[in-house]
Structures are given as C-alpha cells and as structure tokens.
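# Fold and contact review
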Amino acid sequence: TFIVLLSLLLILASSLFLSLPPHLSLFYLSVFLSPSHMTDLLYTEKDLVTSLKNYITAEENKLKQVKQWAEKLDVLSAIAMQDPEGFLGNPVNAFKLMKRLNTEWGDLESLVLKDTKEGFISNLTLQRQHFPTDEDQTGAAKALLRLQDTYRLDTNTISTGDLPGVTHKSPMTVEDCFELGKIAYSEVDYYHTELWMEQALKQLDEGEESTVDKVTVLDYLSYAIYQQGDLGRALELTKRLLMLDPEHQRANGNLKYFEFQLINQRKAQAQEAQKAQEEGKERRKRLTSDASKKKKRFREPVPERKMYEMLCRGEGIKLTPRRQRRLFCRYFDNHGHPKYLLSPVKQEDEWDRPYIVRYHDIISHGEIEKVKELAKPRLRRATISNPITGVLETAPYRISKSAWLTAYEHPMIDQINQRIEDLTGLEMDTAEELQVANYGVGGQYEPHFDFGRKDEPDAFKELGTGNRIATWLFYMSDVAAGGATVFPDVGAAVWPKKGTAVFWYNLFPSGEGDYSTRHAACPVLVGNKWVSNKWIHERGQEFRRPCGLNETA
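Residues numbered from 1 in each chain as written. Predicted model: local features only at pLDDT ≥ 70, side-chain atom pairs only at ≥ 80, totals over all residues. Heavy atoms only, no water.

As named in an unreviewed UniProt entry, the protein is Prolyl 4-hydroxylase subunit alpha-1, taken from Oncorhynchus tshawytscha. Annotation of the protein in UniProt includes, under Sequence similarities (unreviewed entry), the sentence "Belongs to the P4HA family." (UniProt positions renumbered as here; feature names shortened; annotations may be inferred.)

### Some words on the overall build of the protein
When you go through the protein residue by residue, the secondary structure sums to 17 helices and 18 strands. Taking the intrachain contacts of the protein between residues at least 6 apart in sequence as the baseline, contacts between residues at least 24 apart amount to 74%. Roughly 31,200 Å² of accessible area belongs to the protein as shown, and the carbon and sulfur atoms make up 56% of that amount. (Helix = DSSP H or I, 4+ residues; strand = E, 2+ residues; numbered from the N terminus. Contact = heavy atoms within 4.5 Å. Areas by Shrake-Rupley, 256 points an atom, 1.4 Å probe, with all protein chains shown as cover.)

### Points about helix α9 (residues 190–205)
With 16 residues, α9 should cover 22 Å at 1.5 Å per step; its first-to-last C-alpha distance of 22 Å lies within 8% of that length. All of the buried residues along α9 are Tyr-190, His-192, Thr-193, Glu-194, Trp-196, Met-197, Gln-199, Ala-200, Leu-201, Gln-203 and Leu-204. Against α6 (134–150), α7 (155–160), α8 (174–186), α10 (214–227) and α11 (231–244) lie the buried residues of α9. One or two steps after α9, the chain reaches Gly-207, where phi turns positive at roughly 100 degrees. (Expected span 1.5 Å × (residues − 1). Buried < 20%, exposed > 50% of the residue type's maximum accessible area, 1.4 Å probe, protein only.)

### Quick notes on the packing of aromatic side chains
In total, this model carries 20 aromatic pairs according to the counting rule given. With a centroid separation of 5.9 Å and an interplanar angle of 80 degrees, the aromatic rings of Tyr-226 and Tyr-257 are classed as edge-to-face. Note that Tyr-226 is positioned in helix α10 and Tyr-257 in helix α12 (residues 249–286), a separation of 31 residues in sequence. When its relative accessible area of 38% is taken as the criterion, Tyr-257 is described as partly exposed. Ring centres of Phe-449 and Phe-451 lie 5.2 Å apart, and the angle between their planes is 55 degrees; this geometry places the pair in the tilted category. With a relative accessible area of 17%, Phe-449 lands in the buried category. On the accessibility criterion, Phe-451 (2% relative accessible area) is buried. Among the aromatic residues, those joined into a cluster by ring pairs are Phe-178, Tyr-185, Tyr-190, Tyr-220, Tyr-223, Tyr-226, Tyr-257 and Phe-258. Across the ring face of Tyr-439, the terminal group of Lys-529 is positioned such that the distance to the ring centre comes to 5.0 Å. Stacked on the ring of Tyr-505, the Lys or Arg Arg-545 has its end atom at 3.7 Å from the ring centre. (Phe/Tyr/Trp six-rings, centres within 6.5 Å; stacked < 30°, edge-to-face > 60°. Lys NZ or Arg CZ within 6 Å of the ring centre and 35° of its normal.)

### As for the UniProt feature "repeat: TPR" (unreviewed entry) in the protein
Mapped onto this structure's residue numbering, the UniProt feature "repeat: TPR" (unreviewed entry) falls at residues 215–248. Secondary structure across residues 215–248 divides into 79% helix and 0% strand, with the first and last C-alpha atoms of the span separated by 9 Å.

### Side note on the state of the cysteines
Tallied over the entire structure, the rule returns one disulfide. Paired through a disulfide, Cys-312 and Cys-522 show a sulfur-sulfur distance of 2.0 Å. Taking the torsion about the S-S bond as the criterion, the Cys-312 to Cys-522 disulfide, at about -90 degrees, is left-handed. Highlighted residues: Cys-312 in helix α14 (residues 304–312) and Cys-522 in the loop between β16 (519–521) and β17 (524–526), separated in sequence by 210 residues. By the burial criterion, Cys-312 is buried, and Cys-522 matches it. (Disulfide = S-S within 2.5 Å.)

### Re the packing of α6 against α9
For the pair α6 and α9, interaxial distance at closest approach is 12 Å and the crossing angle is 90 degrees. Overall, the two elements α6 and α9 adopt an arrangement that is roughly perpendicular. Mapping the contact onto sequence places Leu-145, Gln-148 and Asp-149 in α6 and Tyr-191, His-192, Leu-195 and Trp-196 in α9. Classifying every residue of the contact of α6 with α9 gives four nonpolar, two polar and one charged. (Axes fitted to C-alpha atoms, helices over the stretch in contact; angles between N-to-C directions. Parallel < 35°, antiparallel > 145°, perpendicular 65-115°, else oblique. Nonpolar A, V, L, I, M, F, W, Y, C, P; charged D, E, K, R; others polar.)

### Quick notes on the pattern of salt bridges
Pairing between side chains becomes possible if they bear opposite charge and their charged atoms approach one another. Inspection of the entire model under this criterion finds 29 salt bridges. The salt bridge partner of Asp-352 is Arg-353, with a shortest N-O separation of 3.8 Å. Between Glu-373 and Lys-370 there is a salt bridge, with the nearest N and O atoms lying 3.4 Å from each other. Note that Glu-373 and Lys-370 are positioned in helix α16 (residues 365–375) at a spacing of three residues, about one turn of the helix. A relative accessible area of 48% means that Glu-373 is categorised as partly exposed. Lys-370 sits in the partly exposed class, given a relative accessible area of 21%. Connected through shared salt-bridge partners, Glu-194, Glu-198 and Arg-233 make up one network. (Salt bridge = Lys/Arg side-chain N within 4 Å of Asp/Glu carboxyl O.)

### Some details on the pairing of strand β18 (residues 529–537)
Of all nine residues in β18, nine are buried; the element is thus mostly enclosed. Of the two faces of β18, the one holding Lys-529, Val-531, Asn-533, Trp-535 and His-537 and the one holding Trp-530, Ser-532, Lys-534 and Ile-536 are both buried throughout. Note: strand β9 (residues 434–439) against β18, five bridges, orientation antiparallel. Among the inter-strand pairings, Gln-435 is bridged to a residue of β18, identified as Asn-533. Relative to β18, strand β11 (residues 468–475) runs antiparallel, the two being bridged by seven bridges. By the bridge assignment for β18, Trp-472 is matched with Lys-534. (Pairing = 2+ DSSP bridges.)

Here's what the structure looks like:
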C-alpha cells in the first residue's frame, strides 16, 4: 500500500513538469526566476521533504503494526492447521477465533485504510501555488543553453558539473540531459537537441541506470541530425535504434526514407562537383596573373554577436600600450567638492573612448543590503523602453528582475542619489528612479543603447526630461563567473566588483548620441549578480554640462 501511494504522489508531483512527445512543438516565453525567489523555492522544497518524511514515518509505523499482526496470525494458523478439530476443541481457541474474525480483522481493516497521506497532500497543495510553471522550467533550460553557447561549454563539462567558480558541484543525470534535449526539440532547436541527446546516450552507454531508454534517445537524436542535413549519420543512428527495437514503426519508416534521400543527395552532390569543376576551369582561363595575386587589404568586421560573446569570455580587444598609458587611478574630489576635499574617492579609468570610469568603495555593504531589502518584495520581470511608443515592456533579450526605488521611500536612497549628484556634478531631480536588478544564472541584457536614437523621437517623451545623458551603474555583488558589462563596438569589458560603480556619458556635449556606448550585460555563468543603476536625463544639466559646438566632442 505504501509503495503504491508513494508512486501515485510522485506521479502527481511530477505532473507539474510535463514532458513533450517528439511530434509536439510548443513555444514558451522564457520566464526568469531571480535568485532571491529561487532561494524561497529551496525553503519550500525543504518543507515538502520534511512533510514527506513525516508521511513515510507514519506509513512505516502502520506497516509495522500490520506486519506484527500478520506474523502472529501466521504462527497461530500454522499450529491450528496441524489439527484443526483438536485446536477448536479448546473453547478458548474457538472464542478467540470468533473474536478475531468479528472484531480484530475489522480493526486491522481500519488500520490499513487509515489515511496518513492527508497532511502531506494538503501541504503539497498549499505549496503548489509557489511552484515553477512549465514556462519557468523552459526558461531555466534556455538559460543553460545560452550559457553553453556564450561561454563555449561542452555538454560533458556541464553534465559533470565542472563549471568555473562552482563550489557546489551537481552532476546531471540521463533524465536531466534528455529533458534539456526535449526542450530544445520543442523550440525547433535541433543543434542543441543533438548535443544533449548525444550526452544522454553517452551516459547510457557508460552504464548509468535511467528510466529513459536508448531507443527513445536515439529516436530524438536521429531526427535532430536529419533536420540538420546529415543524412548519413541519421541513417546510422536509425539502424542502431532498429537493432534495439526491430518493430519500431517510426524508425522503420525513417530507414526507407533516409536511404532514398541519401541516394538522391549523393547524386546531387556528384552533379554539383562536376559542374563546379567545369566552372573552375573556365574561371581560371579568364583570370589574369595580376588579378590572381591580389589580396584583401582590409579586415572583415567581427559580427556584433560574436564580439559580444568573445568579450563575455574575456577574449576582448586589448588596448595598445599608448592608450593604456592614458588610463590612470586617482583620488577624486570633483574639483574641490566640500564633501570630498578631506576624503576623496578612489577613481579608476576603465576605458578611454568612450570614457568609462569606475569608483571604488563607493557604496557600503550596509547600504547594499538595505537596497536589496527594499527591492526584493517588488522584484518583477525587467522591462525596456519601447523605441516606438516609449512604453515600458518586457523583452526576451533582457532576462532579469528589477524594482524601482524612490528617494522618499528611505533616507538611504536619497543619500545614494545625492552621492551620484556630488560625484558627477549632474542634476538628479530629472533622473529616473534608482533601478535595482537581479540577474541569476543565465540572466543577461543583450547589446542595447541607453539613450534614444534619432529614429526614436518619442523614446522618453512621457518623462518630459529629454534624453538619457549619462548612466551610473552600481555593482552590488561579486560574480563567481560571467556577468561582465561589455561594449562590443569598442571591445571594452568591465567586470563586476562589489561596492564599485561605473559611469559614462551616453551623449556628447552637443546632445548627439555616442554610438560607441552600445553595451550589454553578459549572462551570469555561476553566481548571483545584483546591480542598481541611475539613468540621468538632459533637463537640468544646461549649466552643469554646457552644450558643445562640436557634434561628436
């Protein structure tokens, strides 16, 4: 009874994470769960485990009583059956038989039917409202695949848990790898389907026990490879599948289809090769000796996405020694500001064009904790400003949770805003509220501009404070791996360091946008990233940062 009930409960719980058969294709909006909310889920699971253990203990006690009763009757029956008539000739034995059948077996029935699962089921039902959804699970899977691509991680490295900066290794089972492959399949992402189905198959071949069988894995894998155009390998995997299950209907159909397609493909390739050979001969006749010696004298520009990922991996452009010599560290008092004359702040040049500076020890641990405390209850999926309407909305390229804190909510927020004003010399009354963002594993913000471009005249119209003239960004946590702020157009990468802040101007003094400030937040590979930023606007800066006559200076 216990085993049956437990199985039913596990099936009930697992139904929250429905798997997809090969022929279904569903598209989900990736919903990001911030680390602060993920921590709450850990406590929820801990509570459920305690409840489950209590249920198991109650079932074990019940089974113990039933077992004792069965053993006692087994001994009694063995004695009685040696001489039934003689045994019942004893009036005490006759009475006890009547009593057992009339009363005690009824008591045993009540014990067996006693519902010990009610407490666990009610707790599970109560906690289920906090459980992740299918969309959350898909979002977590997409985050893992995004990290795999950005940081060039092979599936075995991820599966064994050997990630850089990890302190709590967690190897993946065949089921985990298979689930990742299925989610990629449902998103018509056959590249990642292949990678993770291959990893699942590898672990099965190595002898790992699993509820997932090789036939199912091979079914997904062969189709994913076929979709990528490798008919030969798809055919080989289909043949391997049929060796395990000769009656597999879909595989038998695929076998004939793949063989037919492979023959046609080889014919087409042979014809193309012959045609290319003939065209090559004609082309070589037309080429002059001078033309054949010409070489490219320019370097192909690196695509933004590739540069972005290179910078995230720390493979960015290195400054020349001449440019490096122009970068300095200094004690900064903002031209003799009264607050910083006797205690100037530490300022470091991070990049020259655009000019990016970092302020060290600029926000204390206590302030960080207070900001996080105020922000956590209101963290919501981060939004971006719609370039057409100016309305804030969610976007798949910004995966984080954020909250806005106003100066009147707590004196500390007002102090932080005043500190930014004192150090930048810019007016904060027209700036946006302090935005707090929490990026978990896979959390990112792809390349974007903070300012509104000329083709976005209404970007900040509803604010009535002009364009975003500058950005101030606090780093409120260290990050074990990943999470850099990168500028793909110029090759700059700024790495998170708790207690520091970076600052740059988005607009030239003329009011024109500085397109070199296009930047991105790299995915967090390991750890938890907290930042807060202040977007400073044009209005109110007329006498603090006078307009320049040169358009780009």
